[in-house]
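# Notes for the structure review
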Amino acid sequence: MKIDAVKQNIVNNYKQLSKMAKVPQKDNQSFPLWGLNYKKGRVSGFVGQTGDVSRNSAVIKIKDDEIEMIKKPFLSTWKSTLNNINKMLEDTKANFENKKVVSKRVVSLLCFPKGSILK
């Protein structure tokens, strides 16, 4: 696969995982943020709602349907790094309900109106 096709595939897989992992909002004051931890064999990874995707020591950021390449292993090319991240995302989708491979984390952020905070 060409690198542009792999990038687009990564973005599409991330969007699908976002839909699968989305947590409903319970009230107007808290905003849930989700994260998926992936662990299979010697491969560990993380996919977060903020667009962070990591696999072992490689890290990318997805922002506005574009990939920002942040960090890759020293002796690896960007093409092989992106292929490995794409395989991890596909495997995360396939094993989404398997708790031994994919664990889901949710953190709720509380928001207060400006007038309710004491000075």
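These lines cover the structure that appears in this document, whether it is placed above or below. Within each chain, residue numbers correspond to sequence positions counted from 1 in written order. For this predicted model, a pLDDT threshold of at least 70 governs which residues receive local features, and a threshold of 80 or more governs which side-chain atom pairs are given and counted, while totals over whole chains, interfaces and linings are taken from all residues. For the side-chain quantities, the full set of heavy atoms in the structure was used; hydrogens and water were omitted.

### Some thoughts on the packing of aromatic side chains
Centre-to-centre distance and the angle between the planes together describe a pair of aromatic rings. Stacked, tilted and edge-to-face pairs are distinguished by plane angle, under 30 degrees for stacked and over 60 for edge-to-face with tilted covering the rest, among Phe, Tyr and Trp rings (Trp via its six-membered ring) whose centres lie within 6.5 Å. In total, this model carries one aromatic pair according to the counting rule given. When the ring of Y14 is compared with that of W34, the centres are 6.4 Å apart and the planes differ by 35°; the resulting orientation is tilted. One end of the pair, Y14, is in helix α1 (residues 3-21); the other, W34, is in strand β1 (residues 30-40), with 20 residues separating them in the sequence. Summary of the burial criterion: residues with accessible area below 20% of their type's maximum are buried, those above 50% are exposed, and those between are partly exposed, where the area comes from a 1.4 Å probe applied to protein chains only. Classification of Y14 as buried rests on a relative accessible area of 8%. Helix numbering and strand numbering both begin at the N terminus, where a helix is a DSSP run of H or I of at least 4 residues and a strand a DSSP run of E of at least 2.

### Examining helix α2 (residues 78-94)
Three- or four-residue spacings in an α-helix give side chains the same orientation, since the helix completes a turn every 3.6 residues. The first and last C-alpha atoms of α2 sit 24 Å apart over 17 residues, in line with the 24 Å expected at 1.5 Å per residue. Within α2, burial applies to T81, L82, I85, N86, M88, L89, D91 and T92. Expected helix span is given by 1.5 Å per residue-to-residue step, counting one fewer step than there are residues.

### Digging into the pattern of salt bridges
Every case where a carboxyl oxygen of Asp or Glu lies within 4 Å of a side-chain nitrogen of Lys or Arg is listed as a salt bridge. The full count for this structure, using the stated rule, is four salt bridges. Note that D65 is salt-bridged to K15, the shortest N-O span being 3.2 Å. Taken as a pair, D65 in the loop between β4 (58-63) and β5 (66-71) and K15 in helix α1 lie far apart in primary sequence, 50 residues in all. Using a relative accessible area of 41% as the deciding quantity, one classes D65 as partly exposed. Here K15 falls in the partly exposed class, since its relative accessible area comes to 36%.

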